Amino acid sequence: MNDRAGVDMVCFTAGGSWPIMIERRYIARMEGYVDRQDNAIHSADCPVLTIEQLLGFSSDQMLQKSRLLWLKNDEILNMGLIVSEPVELKKVIGETILPLPEILAARCRLPGLQAIALMDDTLSLILSPFLSRV
Amino acid sequence: MTSNSTTVEDILAQKRGTLRDIIDVNEKTLKLVIFTLGSEAYAFYGHSISEILPKGVPIFFIPGCPSSLLGVINLRGEIESVIHIGSVLKLSHETSSTDGTLLLGHCPAMRSALYVDNVLDVVDVPESEIQTPPETLPEHLKPYVAGLVIFQERTITVLNLDPLLTDYRQGLG
């Protein structure tokens, strides 16, 4: 496999500061600006969480405008994920995607943490939303 | 001829002592990387430390980790975890977590950066100088202490990195 090959990633931050990436293939669609308090978005058929809830952060960041990402697994709509703007689509080349060090993989309890992307000295957490980490 | 209080036995005894002081060049020596955690001095075997990193390497905090896992570093394009050794060993004295030094440690199964307060020296010591750890050693330290050695009138606790990393991966600290 060519290390220069790219992976489409949807990029945003969680908790106000953590750069997060999720593979584009997990995103069924993205809805425009949503109000996190709007009950209508929580009445969908599948659960809707904020990224902070998904990651187990102690408090939600009620920051600027939010987007709702509908995540799919095996083409089945599985979860709604509310994230703060800006949300960007980037092609991340393979050589910048690094496996988790063995000790981090064993001890970190961050749900879905799959790998780390290292670009221009900035570190991003790559989440696989359906990967369980217990 | 005046009497002399020195006897042949004295001379021979002195020479025997001198001979004992001569280091046996054939004796196996072990390299130790000596460092501090708080006010105490510890060492890892040199064969388990591949690098002493310069101070100031930025550590990226990763959420969801135990407090003893400080985060990760970017080491020439590779990501390494950073373990706070003082926390893992449950040392009661204060150790810093910001201005220390990172050692790159490894064992057959894995590797990690190891956060210590300061590196004092890297020395070769004869294997025979490493003493058996005392029975009074705290129970939780026993699996990781290989022995004690006196260095510059200071007692150094020699740590065995392999079981430390292995147990840490499985939940120690």
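Above: the structure in question.
Residues numbered from 1 in each chain as written. Chains lettered and ligands numbered in written order. Predicted model: local features only at pLDDT ≥ 70, side-chain atom pairs only at ≥ 80, totals over all residues. Heavy atoms only, no water.

Draft legend 1. Looking closely at the interface of chain A and chain B. Taken together, the 18 residues of chain A in the interface contact 25 residues of chain B. A buried area of about 1800 Å², summed over both sides, lies between chain A and chain B, and 73% of it is on carbon and sulfur atoms. By the criterion of area lost to chain B, the three top residues of chain A are Glu102, Ile103 and Arg107 of chain A, representing 38% of everything that side buries. Remark: the boundary between chain A and chain B carries one salt bridge. The interface formed by chain A and chain B includes five residue pairs in polar contact (both at pLDDT 80 or more). (Contact = heavy atoms within 4.5 Å. Buried area = accessible area lost by both parts, 1.4 Å probe. Salt bridge = Lys/Arg side-chain N within 4 Å of Asp/Glu carboxyl O. Polar contact = N/O pair within 3.5 Å; in protein donor to acceptor, adjacent residues only side chain to side chain.)

Draft legend 2. The sheet that holds strand S10 (residues 154-159) of chain B, seen in detail. Residue and element names in this part refer to chain B. One open sheet accounts for five strands, arranged S8-S1-S2-S10-S9; its pairing is mixed. Edge positions in the open sheet fall to strand S8 (118-126) and strand S9 (145-151), since each of these has one partner strand only. Adjacent strand axes in the sheet meet at a mean angle of 30 degrees when their direction is disregarded. In the sheet, strand S1 (residues 29-37) pairs with S8 via eight bridges, with the strands oriented antiparallel. Paired with leucine 32 across the two strands is valine 123, which belongs to S8. (Pairing = 2+ DSSP bridges. Helix = DSSP H or I, 4+ residues; strand = E, 2+ residues; numbered from the N terminus. Axes fitted to C-alpha atoms, helices over the stretch in contact; angles between N-to-C directions.)

Draft legend 3. Inspection of the sheet that holds strand S7 (residues 111-116) of chain B at higher detail. Residue and element names in this part refer to chain B. Spatial ordering of the open sheet is given by S3-S6-S7-S5-S4, a layout of five strands whose pairing is mixed. Every other strand in the sheet has two partners, leaving strand S3 (49-53) and strand S4 (69-75) as the edge strands with one partner each. The sheet shows a mean angle of 30 degrees between the axes of neighbouring strands, direction not considered. Pairing geometry for S3 and strand S6 (residues 101-106), over four bridges, is antiparallel. By the bridge assignment, isoleucine 49 is partnered in S6 with glycine 105.

Draft legend 4. Quick look at helix H3 (residues 161-169) of chain B. Residue and element names in this part refer to chain B. Among all positions in H3, only Leu161, Leu164, Leu165 and Tyr168 are buried. The buried residues of H3 occupy one face: seen down the axis, they fall within an arc of 90 degrees. Taken from the residues just after H3, glycine 171 is the one with a positive phi, measuring 125 degrees. (Buried < 20%, exposed > 50% of the residue type's maximum accessible area, 1.4 Å probe, protein only. Arc of directions from axis to C-beta.)

Draft legend 5. Main features of the pattern of salt bridges. Residue and element names in this part refer to chain A. Taken as a whole, this structure holds 10 salt bridges over all chains when the rule is applied. For aspartate 8, the salt bridge goes to lysine 91, with nearest N and O atoms at 3.2 Å. Here the residue aspartate 8 occupies a position in strand S1 (residues 6-14), and lysine 91 occupies one in strand S7 (residues 88-93), the gap between them amounting to 83 residues. Note that arginine 29 is salt-bridged to glutamate 31, the shortest N-O span being 3.7 Å. Residue arginine 29 is classed as partly exposed on the basis of its relative accessible area of 41%.

Draft legend 6. Examining the nonpolar core more closely. The biggest cluster of nonpolar side chains holds 60 residues, and the ones touching the most others in it are Phe44 and Ile62 of chain B. Not counting chain neighbours up to four residues away, the residues in contact with isoleucine 62 of chain B comprise Leu104, Cys108, Leu113, Ile116, Leu123 and Leu125 of chain A together with Gly71 and Val72 of chain B. Core analysis: the next-biggest nonpolar cluster, separate from the first, contains 13 residues, Ala43, Tyr45, Ile130 and Val149 of chain B among them. (Core = buried A, V, L, I, M, F, W, Y, C linked by side-chain atoms within 4.5 Å.)

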